[in-house]
Structure formats: C-alpha cells, structure tokens
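Read off the chains here:
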Amino acid sequence: MITQTCQSTESTSDAVVIGGGPVGSYAALNLAKLGAKVSVFEEHHEIGLPSHCAGHLSIRSLRSIGLYPLPKGIVENTFDTANFYSPTGAKFALHLSQPVTAVLNRARFDQYLADQAIDAGAQFILDARVQSLAKANGFVRGVNVQRNGQKEEVYAKITLDSEGISSRLLKQAGLPALKPKGLVYGVEAEVENVRKIEPNAVEVYFGKSYAPGFYGWLIPKLDGTAKVGLATNQGNPHEFLISLMFKHPVASKQLSKAKITKIGYHAISLGGPISRTYGNGFLACGDCASQVKPTTGGGVIFGLTCAKIAAQTAFEALQHRDVSSNFLRVYQRRCSELLRFDFSVMLRLRSFLDSLSDEKVDEMLRFCGKLGVDRALTDVDEIDFQGKMILTVLGKPSMLAALAYFAMLYLSANP
Ligand SMILES: Cc1cc2nc3c(=O)[nH]c(=O)nc-3n(C[C@H](O)[C@H](O)[C@H](O)COP(=O)(O)OP(=O)(O)OC[C@H]3O[C@@H](n4cnc5c(N)ncnc54)[C@H](O)[C@@H]3O)c2cc1C
C-alpha cells in the first residue's frame, strides 16, 4: 500500500511523469535515484487499482532488473509447466527444469514500485489527471493537471509519458499513434472453484473460435483461486470468455463451475513500438509507446526496461541542459539496440500465429509433441527476449525440424 503521497504539488520539477503504473513508477524511481526532482501524476485515487493485468512475468527478467525476489504477498505462484491446447483439445505440454515464470498481484507490485520511488525521493500526486501537455516554443514544458476540481499548470524541464494504452497525451506531443490493426481487446477475471488444474502449470488456449487474434489463459494461484482471461481482435471479449469457460473442450472442464469474483477489460497493443518515442522535452515509455511483446501481450518487462533507459537519458539531458529531440533521440536508439531483434522476430511470430486456421493450430500442437520439441526446450528460462531465445535453441535437431515445419505452415497460409 502506498504510504507517502503528497497533498500539495510543487509547481516546478526537473521531471514530471504521467501515470503511476509500473512503468511510470519505475521511471520515477530511476530518475530519483540519479538525483532528479521528479513528480508523478496519477489520475486514480490509489496506485495499482483498478488492475487489468494477469501479472504473469518471467522470473529471470525480474531478477535481471533487480526486482526478484519480491517482498511477501506480491508473488501469487510460480510455474515450471505450460500446457498449450488447440480448439479441439489437443495438448502440447512443456515441462521446464525449474520455475521460469511467476504470477504477481499487480496492484501490490505497482504499489511496491511506487513506494520504492517515494523512498528514493519521488513525489506522487494521486487523483490528479493530466489534461494536456504545457507547451512553449515547440517544447513540452510540463503538464496541465486537473485535481480537486482545480486546474494547475506544472512546469518541468522534461516530461516522461507513461499514461498506458490510452496514449491521448502522446498525440499532443506530435508522436505517432498506436497502430489500430495491432490492438486486441482483453478481459481478465479472478475465479474461484476451478477444477482439474495442475498448480504449477499455466494453461494456454489457442484458436480463432475462442480468442481470435490472440489466446486465452488460466493461471492458478496458490490460494486455490485462479486468473482467467483472453484477448481478441474482434467481437466482445466478455462473450468469448464465457464461450471459453463453458464450451472449450478442456477449459470448460476446468471452469464451467467457476465463479467470477472480479473482472476487468483493457486493450493491448501488439503492433511493436511506435516509430518515434521522443520529442522536444518529451519521452514516451511503456504501453503508450507500444513497448509490448507482440506474441504474448506482456508489456511489464519491456516497459520497465525502457523506463530505465528513459530515466537515464532524461537525466543526461538535464545535466547537459539540452532536452531537445536531437539530444533525446538517443533514448530510442538505446531501446532499439536492446530490443529491435526480439521485436522483429516476435512480430513475425504474431503474424504466423494469426495466419493459422484452427485446424492448423491443432496439427501444429500434435506435431510439436511428436517431434519432442518439449525436450529441446526443457532448459529454457528466457521468455521475454524471444528472438534471442530461439537462436539459443535452434541448434537442437527437433527445433530445426519444428522451424522448417512452421515455415511450411506459414507459407501455405500466406502463398
Ligand atoms: C487483460 C490483460 C492482461 C495482461 N497480462 C499481462 C501479463 O500477464 N504480463 C505482462 O507483462 N503484461 C500483461 N499485460 C500488459 C500490462 O498490463 C501492461 O503492459 C502494463 O500495465 C503497462 O504498464 P504502463 O505503466 O505502461 O501502463 P498502465 O499499467 O496502464 O499504467 C498507466 C497509468 O497511467 C494512468 N494515467 C493514464 N492517463 C493519465 C492521465 N491523463 N493523467 C494521470 N494518470 C494517467 C493510469 O491510471 C495508469 O495508472 C496485460 C494487459 C491486459 C489488458
């Protein structure tokens, strides 16, 4: 629970951060640690709520960012197994040699990051909605905030936008909008009374008939409840969720008696990073810049990774007294050097998955089982940098055979 928020806003900061999601808080934490005076504006009354995310993250990535292990109460379970299902119920099970992913209580995780930022010296102003960017002479010079029914202009030398997928303010800075074709619409629910699940396994349900343009998931928690959700590029996500829970040959056995205790809806951008993430006095990171994995929709790790780079770049710009886009472009170059290859592989994988009919998904999962792809992947612990991960396993004969087969499937679907 966030402990120290500010009642009065200091009207001048080195940096303002828009949005107290994980990305905004982590950017603020890094800026404050470097010594900058930073204020975060969050429109909600409480950090982390409402939560819309499954919070399923790679342990290795959290550890490499310095965020694992986490304090008690944030990690809800860890997983060494993933079961993938086709729409007819064909199963491909992947058993890994150690727990590779964790499911987090996202609200508590967000609150933990905000508390860390506050301890480092950042100021958080809640119930404060940034209405617009303040601009002068072609530069973003802070934000116009609506708070307690009052409007306030807050000056800052540099503004970091981490407003999430709405990306309304991003457009005011003249940055490109998210690609509408890359958007899918997600639903995430908490459920009780789930049956026939393995506590150490995440369930993934593919198929256009249940989650067109994405997939469905079931993530068990150690307390016996679970998270279930999906995303879709068409129709109503809630209707697809009900269909998954009651009609899918496997999910229905696990979920038809389940009771939904919480539910939330939110979009995910799968189109890869926007083509420009900086402007005069302005940097964008996280969902609003579409720094999200196109395969799985996971945006936390890449968002945090880019937030740290944004904080470092902003701090250097403050030191050089140069917040021009010419100086700030190094932010995009640094992110791109780290992530470009993985994004380009994942965009291709997304387009491959989108091209498959339900019959082909079925065939593919059965084929992976027969080839022993699971045995080739046993030691994998990297699930975020998927381009680099594929390169490390390609030496294994079953993976090469699988790749050849996937290429054939892709070409037959995209003649
Ligand atoms: C159904 C679903 C499941 C997901 N599951 C996963 C998962 O398992 N793993 C994973 O890695 N990712 C997952 N994601 C994606 C993940 O939720 C996002 O990538 C992540 O939350 C991005 O963080 P962010 O800080 O950029 O944006 P957000 O978390 O959206 O935070 C943005 C913050 O900005 C605030 N804000 C917005 N506008 C303003 C304004 N004008 N003024 C002030 N404040 C403002 C918002 O209130 C919010 O608190 C999922 C997404 C969905 C929809």
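Before any of the text, the structure's been laid out above.
Predicted model, so just to flag it, every value in this text is computed and none were measured. (Residues numbered from 1 in each chain as written. Predicted model: local features only at pLDDT ≥ 70, side-chain atom pairs only at ≥ 80, totals over all residues. Heavy atoms only, no water.)

(A) Quick look at the site of the ligand. As a matter of local geometry, the ligand sits amid 34 residues, with E42, H44, H56, V130 and D287 nearest to it. One nitrogen or oxygen atom from the main chain of P22 is found 3.5 Å from an oxygen atom belonging to the ligand. Within the contact set of the ligand, an oxygen atom lies 3.1 Å away from a backbone nitrogen or oxygen of V23. For the ligand, the protein covers 93% of the area, taking 1,000 Å² as the surface of the free molecule. (Near = heavy atom within 4 Å. Polar contact = N/O pair within 3.5 Å; in protein donor to acceptor, adjacent residues only side chain to side chain. Areas by Shrake-Rupley, 256 points an atom, 1.4 Å probe, with all protein chains shown as cover.)

(B) The arrangement of the layout of surface pockets in detail. The volume enclosed by the second largest pocket comes to roughly 280 Å³. Along its surface, the second largest pocket is lined by 16 residues, and L49, S51, C53, E190 and K262 are the ones closest to its centre. Contributing elements (two or more residues each) for the lining of the second largest pocket: α3 (106-119), β12 (183-192) and β16 (259-269). Ranked by the residues each element gives to the lining of the second largest pocket, the list is headed by β16, at 3 residues. Per-class residue counts for the lining of the second largest pocket are 5 nonpolar, 4 polar and 7 charged. (1 Å grid on protein atoms, 1.4 Å probe; cavity = no way out; pocket = protein on both sides within 12 Å on 5 of 7 lines; lining within 4 Å. Points joined across faces, edges and corners; volume = space filled by probe spheres on them. Helix = DSSP H or I, 4+ residues; strand = E, 2+ residues; numbered from the N terminus. Nonpolar A, V, L, I, M, F, W, Y, C, P; charged D, E, K, R; others polar.)

(C) Quick look at the pairing of strand β14 (residues 216-220). Judged by how many residues are buried, β14 sits mostly within the fold: 5 of 5 residues are covered. Burial along β14 is two-sided: G216, L218 and P220 and W217 and I219, pointing in opposite directions, are all buried. Examined bridge by bridge, strand β13 (residues 201-205) and β14 share 3 bridges and lie antiparallel to one another. Paired with E203 across the bridge in β14 is L218. Bridge count between β14 and strand β15 (residues 226-232): 5 bridges; the pairing is antiparallel. By the bridge assignment, G216 is partnered in β15 with L230. Counted between consecutive antiparallel strands, the loop separating β14 from β15 contains 5 residues, among which G224 sits at a positive phi close to 95°. (Buried < 20%, exposed > 50% of the residue type's maximum accessible area, 1.4 Å probe, protein only. Pairing = 2+ DSSP bridges.)

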